[in-house]
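Structure assessment
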Amino acid sequence: MVGYDPEAKCVSTAEAAAAGSASGLVTRVLVSPLDVIKIRFQLQIEQLSARNPGAKYHGILQASQRILQEERLVAFWKGHVPAQFLSVGYGAVQFMAFESLTKLVHNVTSYNARDSFVHFVCGGLAACTATVAVQPVDTLRTRFAAQGEPKVYRNLRHAVVTMYQTEGPWTFYRGLTPTIIAIFPYAGLQFSFYNILQQFSEWAIPAEGKKGGNVKNLVCGSCAGIISKTLTYPFDLFKKRLQVGGFEHARAAFGQVRIYRGLLDCIRQIMREEGPGGFFKGLSPSLLKAAVSTGLVFFWYELFCSLLCALKSTDSTMRKEG
């Protein structure tokens, strides 16, 4: 169902956008706590260890307990409104672009639209398109998730106005370079490995065991998410560090802060002060989030597409009978 299938011809571009946005909405609600913890880990300069007295967060459970004690349960959904705009918009643009690109490949080239390499290229291009479209919302989401108490931004409107007036319009695109560099292989690998794993499951699972298609989609998506996130993780960390530039005063409660002049300066400072391990801070909650979110995104997308196809089929049957 993911990607153009000349034999199926079931889901239109608009329906792919609708299924993608619905998938993003549901998934975001479920994975927001992991996302908040991941961002807190990524932005912490101090080593993520209980042996470091200056470190605010040490691990997933300790961070969860501390956030709950200091900021209450709602803190796990900080920045949820811009995050939902992000997920809904990103899901719509990404899947719409992916379906369109794989269809274009099928129509104008000799490549098979179901080929894993085609899914890698089309998935990467679709994600880049979606990223440029929603980057301002992603920056807002990161700012909300990163701020402590007292809050710097009261609400979404206040954040937009304050950032625009004090930092200028380009502040909404902070971190875009590492995002684009990372998102192409990350998303490309997601779609490619999802396709490979789906093909492998078709080969490995006997015909009588293929009834649990939804579970298979969830497992294949989770595995694809873990592989792609591990391979591209450092760029996600660079993006988060750059996105909170000019926001250092709101980070004081969390420990040390740094000012980065760009992507290369960010890489140099992290390597010098935090070592190679600094590039993978927050990897554990990020992998957990990648497994859950990618699995759920593909699960819900396939499910919503199936429902749309079933509705179209029922409507077509009723018209013929009528």
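Residues numbered from 1 in each chain as written. Predicted model: local features only at pLDDT ≥ 70, side-chain atom pairs only at ≥ 80, totals over all residues. Heavy atoms only, no water.

**A look at empty space enclosed by the protein**
The full count for this structure, using the stated rule, is 3 cavities of 30 Å³ or more. There is about 760 Å³ of room inside the largest cavity. What lines the largest cavity is a set of 37 residues, and nearest its centre among them are Arg-28, Tyr-90, Ile-183, Tyr-186 and Lys-289. Elements that contribute at least two residues to the lining of the largest cavity include exactly helix H1 (13-43), helix H3 (80-108), helix H4 (116-146), helix H6 (176-204), helix H7 (213-243) and helix H9 (283-321). Looking at the lining of the largest cavity residue by residue, the classes come out as 13 nonpolar, 14 polar and 10 charged. (1 Å grid on protein atoms, 1.4 Å probe; cavity = no way out; pocket = protein on both sides within 12 Å on 5 of 7 lines; lining within 4 Å. Points joined across faces, edges and corners; volume = space filled by probe spheres on them. Helix = DSSP H or I, 4+ residues; strand = E, 2+ residues; numbered from the N terminus. Nonpolar A, V, L, I, M, F, W, Y, C, P; charged D, E, K, R; others polar.)

**Structural notes on the environment of Ile-180**
With respect to the helices and strands, the residue Ile-180 is situated in helix H6. Under the relative-accessibility criterion, Ile-180 is labelled partly exposed at 28%. Taking the C-alpha atoms as reference, Ile-180 lies 7.4 Å from Thr-131; in sequence the two are 49 residues apart. (Buried < 20%, exposed > 50% of the residue type's maximum accessible area, 1.4 Å probe, protein only.)

**A look at the domain arrangement of the protein**
Under the domain assignment, the protein is made up of domain 1 (8-77 + 281-321), domain 2 (78-173) and domain 3 (181-273). A straight line from the C-alpha centre of domain 1 to that of domain 2 covers 14 Å. Contact residues are listed per partner, giving 23 residues for domain 1 and 20 residues for domain 2. Buried area between domain 1 and domain 2, summed over both chains or domains, comes out near 1,700 Å², and the portion from carbon and sulfur atoms is 64%. Where domain 1 meets domain 2, there are 1 salt bridge. With a shortest N-O distance of 2.6 Å, Glu-71 and Lys-78 are connected by a salt bridge. Taken together, the connections running from domain 1 to domain 2 amount to 6 residue pairs in polar contact (both at pLDDT 80 or more). Contributions of two or more residues to the side of domain 1 that touches domain 2 are made by H1 and H9. The greatest single-element share of the side of domain 1 that touches domain 2, amounting to 15 residues, is contributed by H1. (Domains from an automatic or database assignment. Contact = heavy atoms within 4.5 Å. Buried area = accessible area lost by both parts, 1.4 Å probe. Salt bridge = Lys/Arg side-chain N within 4 Å of Asp/Glu carboxyl O. Polar contact = N/O pair within 3.5 Å; in protein donor to acceptor, adjacent residues only side chain to side chain.)

**Observations concerning helix H5 (residues 156-167)**
Taking 1.5 Å of rise per residue, the 12 residues of H5 would be expected to cover 16 Å, and the 16 Å separating its terminal C-alpha atoms lies within 8% of that figure. Along H5, the residues classified as buried are His-158, Ala-159 and Met-163. Along H5, the residues classed as buried sweep out an arc of 120° about the axis, all on the same side. Residues Arg-157 and Gln-165 are exposed on H5 and point more than 90 degrees away from its buried face. Its buried side turned inward, H5 meets H4. Its side-chain oxygen placed 3.3 Å from the backbone nitrogen of Arg-157, Asn-155 serves as the N-cap of H5. (Expected span 1.5 Å × (residues − 1). Arc of directions from axis to C-beta.)

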